Amino acid sequence: MRLRWPGYYSSSLIVRGVENGFALRYKLGLVAMGSRLASIKRFGIRTGIISLGLLCLAAGLLFLLTISPGERLARRIATDKLRTVLGQEVDIGDLETNLVSRISLCHVQIYQVQQGDTTRFLHIDQCQISYNLRQLLKRRMIIETVSVEGIDVFIHRDSTGSDNLPAVLRMHGKKEDSSGRIFQVQLQELMIRNARAEFKDEAGKGLRALFYDIDISAIRLDTSGYSCQVMSGGGRVELDTLSLPFEALSLEGSFGAGNVNLDSLVADIAGLMLKGSSVLKTTGDEPALAGDFRLTGNVEQLLFKIPSALPRGIMPVKGRVDMVGHVQGTISQPYIDCAMDVPALEIAGMHPLNVIVQASVTPSAIRVDHLEMAIFGGDLTGTATINRDLSSDSKIHLSLDRLDLREVLARIHNNLLPYQGKVSGSLSATGLMKDPLAGHIESGLKLHLLKFKSVPQADIGVEATLHNGQAEFCLRQDHAFLITQLELRDKRLTGRFSAQVARIEPPVSLFNIPELSGEVELTGEIEGEMDSPVIRADLEARDLKYRNFPIDTLSCGILFRKDRLHIPNLFVAGIQDSIDTASPPFGLAGLSGGFTYRGCLNSYPEDTSGDVWVDLSQPRFREIGCGEGRLHLAITPGKIDLISLSLIKDDLMVRGSGEFHIPEKSGRCNFDLMLSDSDDTNLIRSTSDPASLTFASEDPYPRRGTVKASFRVLDHAQYAVFDLEDQGRVSPPGWGHCARRNAFPGEYQAAINTPVFQIAGKAIS
């Protein structure tokens, strides 16, 4: 007999001998079975011991994690793993877990440190994470809920374009290689309460966005993705100097599989309701956006909160806005098309305006495809293209059609002016936004159907052009024109201007200066800085007449410098041989006779001086008159001197002199009364040229009396007070009798009642 051992469960035995062969084979089978059962028993005992050890180890580990050393160990492990995944510094204040179903975190901070500077990204007050470990057997990690209370997120991009986002959030939709993954992680539900988010971008135009009181909830759908809801109690978006607040924000949508679907957006922007929906695709190199929005409401409350973004004097603004738009493109380069309708817009108390705007915003330009506005009883239309690239030309075109001049002036002036008419014109501009003066601008304006105090006036046309720093301005009305040519370079301007008015009546009537006629010529030049130019000009006027007062010759220089006006070398002269009593100067009824005058004046803001000469021929005002007279006034700073006054009536001559102090509003005068026995009493040797007036020599006349007076002009009433002294005895024919009295004081009130000047008074003693 031969036995193979160890052998298989069905080992063969060869037993030589027939008689005991079967029995022996049976016995050997029983022995082999018993040996196998013993091995199984030993394996079961060993497995039980190992399992019991593992359970004890797990229980010990769980117990260890509930005490301080275990929590510190778990916190250190979690911190290291998060630092590896996020690529940033992580601090966890407190960590509590039972390892089987939950983890609690407190005071979690995520930040980055670069060159010694710390930039925060995330701060969490409390975070609860619940999960199911049984799914680990299926190589899945199921996180049932994540609940966060009190979270602060700060996203910052510096001037170089670098941001503080963790590395895992900067994948930009690229697919990761999942071949090495051990577990598949799934989040079932996310809840965030009392969150705050801030975004600051220093690479562009200083965009800053702030959101507070944020609540977020996200629930996993059956398919891959989540449905979510976001609500915010308010916030603010700032761009450059513009600060746009909003009071409430609500978002509902879903995300997953490379798409973010915004089903509903509702925001209250200071009384304006914004509603919209969009789709954001995140599968490309940069997220792509497509959506629609609508903005409705009254703009008054919003504009009241952003006064720095508005021009001065535009408030208050009222009106209901209805705007619809479409957005597409990437986040950094969006394309926006919108249409806005404001049916009753009120600006600074003006009559309601009707405004329709169709515009679009692209990464390279802001384009106004159509602007239509019913304003001031007329229409304003326009288009514009504003390029963000400062090296590309921008274009603007505006047209005015039949604006009501009365309404335009009522907007500029508080008082209603007596002008009527229509305003039409256009403006076209092409050039660089960084240097608009170097571009090309053409404008034309026409004032037609003009009336002043219901009197028809000639049309006014205005044309202006600017090309590469060369400007030209032309104004025309009937027989009058003004042409100005300027060159603008480096904030300096140089140029010349000229004006000629063959008939001054039409233009001056528009400035409420009636009864002025004549001819005027003006030439001059401009130079200096744009904000403080120097203007020099020469003015000549001929055959002027104001309210029938003749100004035959007027010439002067004009100097405007440092916001101050100087008028050097003013010369004025005129002759009226015989006054037309039906149309006397200034409407003074009863004035007759003739006169000749001339004057020279140099006027500066603080120094005015000059002389005026007047010759009278048979002057008479009502019942008072004389044969002839002569007057010489000298004007000095703060003072007017009566150098000489000579009046002759028959054989009586009056000579006078005096002075008036302008600041004190007081003065003195002396009058000498003389009788002449001579037949030659001519004072003036007049000529036809007022610039060549000569005066006769003053013959000595015996003095018969003197009148001295001091006077002052009172501020609180329209009269002057005189103190008089009368010396001498004079009995001229037709002048009555004047008894001689020494130091005869009297008080007289000279009432001003234009065109009549009256004197009434009584003696004090």
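As a reminder, the structure under discussion sits directly above these lines.
Residues numbered from 1 in each chain as written. Predicted model: local features only at pLDDT ≥ 70, side-chain atom pairs only at ≥ 80, totals over all residues. Heavy atoms only, no water.

Trainee: Looking at this model, I keep getting lost on the pattern of salt bridges. Mind explaining?
Mentor: Scanning all chains against the criterion turns up 22 salt bridges. The partner of Asp91 in a salt bridge is Arg83, with the nearest N and O atoms 3.7 Å apart. Its relative accessible area of 31% is what places Asp91 among the partly exposed residues. Owing to a relative accessible area of 32%, Arg83 belongs among the partly exposed residues under this scheme. Here the salt bridges do not stand alone but share partners, grouping Arg120, Asp152, Arg196, Glu198, Arg208 and Glu238 into one network. (Salt bridge = Lys/Arg side-chain N within 4 Å of Asp/Glu carboxyl O. Buried < 20%, exposed > 50% of the residue type's maximum accessible area, 1.4 Å probe, protein only.)

Trainee: Would you explain unusual backbone geometry in this entry?
Mentor: Negative phi values dominate among residues other than glycine, just as trans dominates among peptide bonds. Despite not being glycine, Arg402 has its phi angle at roughly 55°, a positive value. Assignment of secondary structure puts Arg402 in strand S21 (residues 394–404). On the basis of relative accessibility, which here comes to 40%, the residue Arg402 falls in the partly exposed class. For Asp543, which is not glycine, the phi dihedral falls at a positive 55°. Looking at where Asp543 falls in the secondary structure, it is placed in strand S30 (residues 532–546). (Helix = DSSP H or I, 4+ residues; strand = E, 2+ residues; numbered from the N terminus.)

Trainee: Just to check I follow, could you spell out the pairing of strand S33 (residues 591–604) for this structure?
Mentor: Put simply, side chains in a regular strand alternate between the two faces of the sheet. With eight bridges connecting them, strand S32 (residues 564–576) and S33 associate as antiparallel partners. The residue bridging Gly574 from the neighbouring strand is Tyr597, located in S33. As paired elements, S33 and strand S34 (residues 607–621) share 13 bridges and run antiparallel to each other. When the sheet's bridge partners are listed, Leu601 is paired in S34 with Gly610. The antiparallel pairing of S33 with S34 creates a hairpin that spans two residues between the two strands. (Pairing = 2+ DSSP bridges.)

Trainee: Whenever I open this one, the side chain of Gln477 confuses me. Can you help?
Mentor: Positionally, Gln477 belongs in strand S26 (residues 470–477). At a separation of 3.1 Å, a polar atom in the side chain of Gln477 contacts the main-chain carbonyl oxygen of Ala458. In contact with Gln477, not counting residues within four places along its chain, are Ala458, Asp459, Ile460, Pro506, Pro507 and Leu510. (Polar contact = N/O pair within 3.5 Å; in protein donor to acceptor, adjacent residues only side chain to side chain. Contact = heavy atoms within 4.5 Å.)

Trainee: Help me understand the environment of Leu565 in this model?
Mentor: Examined against the element boundaries, Leu565 turns out to sit in strand S32. Considering only alpha carbons, one finds Leu565 and Pro605, 40 residues apart in sequence, at a separation of 6.8 Å. With near-sequence residues (within four places) excluded, Leu565 lies in contact with Ile558, Leu559, Phe560 and Pro605.

Trainee: Looking at this structure, how should I read the packing of aromatic side chains?
Mentor: Think of a pair of aromatic rings as described by two things: how far the centres are apart, and how the planes are tilted against each other in angle. Overall, the coordinates contain eight aromatic pairs when judged by the stated rule. Note on Tyr226 and Phe255: the rings are 5.4 Å apart at their centroids and 25° apart in plane angle, and the pair reads as stacked. One end of the pair, Tyr226, is in strand S9 (residues 226–239); the other, Phe255, is in strand S11 (residues 248–256), with 29 residues separating them in the sequence. For Tyr226, a relative accessible area of 14% gives the class buried. Taken together, the ring pairs connect Tyr546, Phe549, Phe586, Phe595 and Tyr597 into an aromatic cluster. Above the face of the Trp613 ring, Arg598 is positioned so that its terminal group lies 4.5 Å from the ring centre. (Phe/Tyr/Trp six-rings, centres within 6.5 Å; stacked < 30°, edge-to-face > 60°. Lys NZ or Arg CZ within 6 Å of the ring centre and 35° of its normal.)

Trainee: Where do I start with a nonpolar patch on the surface in this structure?
Mentor: A cluster of nonpolar side chains, Phe511, Ile513, Tyr546 and Phe586, forms an exposed patch at the surface whose accessible area comes to about 380 Å². Positionally, Phe586 belongs in the loop between S32 and S33. Look at Phe586 and you get partly exposed, because its relative accessible area is 35%. (Patch = residues over 30% accessible without salt bridge, like charges linked within 9 Å, V, L, I, M, F, W, Y side chains within 5 Å. Areas by Shrake-Rupley, 256 points an atom, 1.4 Å probe, with all protein chains shown as cover.)

Trainee: When you look at the environment of Arg157 in this model, what are you seeing that I'm missing?
Mentor: By the element assignment, Arg157 lies in strand S6 (residues 140–157). Through-space distance from the C-alpha of Arg157 to that of Glu202 is 6.0 Å; in sequence the pair is 45 residues apart. Those residues in contact with Arg157 that sit more than four places away from it in its chain are Ser162, Asp163, Lys200, Asp201, Glu202 and Ala203. For Arg157, the side chain forms a polar contact with the side chain of Asp201, separated by 2.6 Å.

Trainee: Would you mind going over the nonpolar core with me for this structure?
Mentor: Most often, soluble globular proteins have nonpolar side chains that are buried together. Residues Leu345, Leu353 and Val355 are the most contacted members of the largest nonpolar core, which totals 40 residues. Leu105, Ile143, Val153 and Val230 belong to the second-largest nonpolar core, a separate cluster that totals 25 residues. (Core = buried A, V, L, I, M, F, W, Y, C linked by side-chain atoms within 4.5 Å.)

Trainee: Explain a negative patch on the surface to me, please; I cannot follow it from the model alone.
Mentor: Negative charge collects at one region of the surface, where Asp125, Glu149, Asp213 and Asp215 lie side by side. Inspection of the secondary structure assignment puts Asp213 in strand S8 (residues 207–220). (Lys, Arg positive; Asp, Glu negative; His and termini not counted. Charge placed at Lys NZ, Arg CZ, Asp CG, Glu CD.)

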